[in-house]
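# Structural description and commentary
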Number of protein chains: 2
Amino acid sequence: MHIFYSETIQNGYIILSDEETRHCTKVLRLGIGAAINCIDGIGNFYTAEITDITKRNVIARVSLTQESFGNHQFTVRMAVAPTKNIDRFEFFVEKAVELGVNHIIPILCDNSERKVVKTERLEKIVIAAMKQSYKATKPTIDEITPLRALLKRPFSGVRAIAHCAQGEKRSVKQFDKPTEITMLIGPEGDFSADEISLALTQGWIPFSLGNSRLRTETAAFAALHSVHLSWTDV
Amino acid sequence: MHIFYSETIQNGYIILSDEETRHCTKVLRLGIGAAINCIDGIGNFYTAEITDITKRNVIARVSLTQESFGNHQFTVRMAVAPTKNIDRFEFFVEKAVELGVNHIIPILCDNSERKVVKTERLEKIVIAAMKQSYKATKPTIDEITPLRALLKRPFSGVRAIAHCAQGEKRSVKQFDKPTEITMLIGPEGDFSADEISLALTQGWIPFSLGNSRLRTETAAFAALHSVHLSWTDV
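Reading the values: the criteria
- Each chain has its residues counted from 1, running along the sequence as written.
- Chains carry letters from A onward and ligands carry numbers from 1 onward, assigned in written order.
- With the structure being a predicted model, the display of local features is reserved for residues of pLDDT at least 70 and the display and counting of side-chain atom pairs for 80 or more, all residues being used for whole-chain, interface and lining totals.
- Remark: hydrogens and water are excluded; side-chain values derive from all non-hydrogen atoms of the structure.
- A pair of Phe, Tyr and Trp rings is counted when the ring centres sit within 6.5 Å of each other, with Trp represented by its six-membered ring. The angle between the planes then sorts it: under 30 degrees is stacked, over 60 is edge-to-face, the rest tilted.
- Secondary structure counts use DSSP, requiring at least four H or I residues in a row for a helix and at least two E residues in a row for a strand, with both numbered from the N terminus.
- Three exposure classes are used, based on accessible area relative to the maximum for each residue type with a 1.4 Å probe and protein chains only: buried under 20%, partly exposed in between, and exposed over 50%.
- Place the viewer so that the strands point away; then a crossover is right-handed whenever the path from the first strand over the helix to the second strand goes clockwise.
- The pairing criterion is simple: DSSP has to find at least two bridges between the two strands.

## Notes on the packing of aromatic side chains
- In the structure shown here, the tally under the stated rule is 14 aromatic pairs over all chains.
- Seen from their ring centres, A:Phe155 and A:Trp204 are 6.2 Å apart, and the 80° between their planes marks the pair as edge-to-face. Residue A:Phe155 is located in the loop between α4 (147-151) and β11 (158-162), and its partner A:Trp204 is located in the loop between α5 (193-201) and β14 (205-208); the two are separated by 49 residues in the primary sequence.
- Its relative accessible area of 13% is what places A:Phe155 among the buried residues.
- Given a relative accessible area of 2%, A:Trp204 falls into the buried group.
- Ring geometry for B:Phe89 against B:Phe92: centres 6.1 Å apart, planes inclined by 45°, an arrangement best described as tilted. One end of the pair, B:Phe89, and the other, B:Phe92, are both in helix α2 (residues 86-99), 3 residues apart, so they sit about a helical turn from each other.
- Taken together, the ring pairs connect A:Phe45, A:Phe69 and A:Tyr134 into an aromatic cluster.

Rendered as structure tokens:
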């Protein structure tokens with residue numbers, strides 16, 4: 001069944017936005033009486049029936065609401081330096097939504113080649129990936145944040161940094177079923193020595209993803225998947 | 001140091017191809033006496049010095065050869081249905097090389113929307129990813145292969161199929177340090193019931209990647225990463 005995204009659900013009725021309405025009526029050619037699914041970004045998955053179509057909106061009556069749909073038992077925040085080639089970062093964002101990330105924080109590091117990201121565009125990618133992967137809760141995407149400011153934020157749970165410099169590190173496998181974790185992934189060229197030192201001083205735990213030399217977006221995906229895998233029941 | 005790819009190494013000298021020569025002399029502007037690294041696709045990592053530059057080739061004298069460079073203790077074959085949008089499949093190929101896949105087999109399934117892949121283009125992606133991630137052994141990429149033919153091939157080691165239909169499945173975590181594994185990942189729309197039934201009859205083991213609804217390329221990446229993670233020392 002077709003799935004839509006709407007943040008406007010009132011008195012048991014879903015109102016689709018301009019864009020979703022166009023897709024619903026012009027592309028999919030759905031009419032009154034058609035059954036649709038809808039997610040609202042805050043955890044609800046609706047089954048509904050179209051009852052009205054105006055010039056700008058489709059209105060659908062909710063017949064079933066599933067709350068906290070598909071939610072995980074754990075929270076993962078990924079703080080990742082956007083890549084020079086934005087396609088790679090966008091690909092990570094899409095994959096992260098599929099796997100069920102909760103929060104993405106683009107970070108600005110000493111070696112960052114990309115200093116700007118359009119979060120509006122990322123939001124669109126997030127919503128498309130949510131629909132594709134049946135996620136009812138929308139991950140948060142922050143504006144780009146300087147790493148030094150982020151390091152000082154009092155995140156609860158495990159706080160971990162993946163850097164490539166020498167030094168003792170935990171394996172990502174040692175974060176066994178973390179209920180809350182924040183992971184930092186650096187830019188092409190890694191975190192600077194000064195950034196690593198500051199992170200360690202602030203109590204961030206250095207961790208390793210194995211022996212392969214991974215690109216930023218690959219490392220971010222691998223780190224996120226590792227956490228999910230630790231929660232997968234055998 | 002700059003890294004090049006060449007399959008022509010003779011009597012302690014590396015000969016770069018036309019394309020690599022252009023990159024070396026025109027883009028990087030390296031001259032006689034410059035130090036370079038080179039991989040040959042069969043496991044050797046060379047350190048060398050440019051001794052001669054002709055119109056079409058750069059020639060470099062090998063000063064150090066590291067054999068079986070960066071090889072894993074295990075072999076992974078990924079048989080994956082190419083996605084309708086080829087970018088997604090190419091992205092998987094790149095990521096698979098970064099993680100260290102040994103063999104990629106594009107498969108043709110009942111529900112495949114894409115029936116053709118240009119392996120020549122994939123070869124280029126493989127070589128670029130090898131250089132980027134310091135892999136000296138080139139993964140093999142087969143021509144697209146009908147799934148039914150593949151299912152009958154006598155691969156040694158674990159043979160596993162990730163399908164979305166109901167039924168008892170192992171978790172991917174249960175493939176603990178497989179020394180040799182072949183994993184099948186289906187197209188958008190999954191394997192057909194007939195294909196799944198045939199695979200099970202032929203002794204392929206059904207496995208699951210968790211609860212998320214993943215795209216083909218995401219599932220393939222996650223499956224490959226899971227095997228690598230099982231081999232990562234804690």
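## Thoughts on the pairing of strand β8 (residues 103-108) of chain B
Residues and elements named next belong to chain B.
- Within β8, 5 of the 6 residues are buried, leaving the element largely enclosed by the surrounding structure.
- Once you follow strand β7 (residues 75-80) into α2 and on to β8, the crossover reads as right-handed.
- As paired strands, β8 and strand β9 (residues 140-141) are joined by 2 bridges and run parallel to one another. Bridge pairing in β9 links His103 to Thr140.
- Handedness of the β-α-β unit built from β8, helix α3 (residues 119-133) and β9 comes out right-handed.
- Taken together, the 2 bridges between β8 and strand β10 (residues 145-146) define a ladder with parallel strand orientation. Bridge pairing in β10 places Ile107 opposite Thr145.

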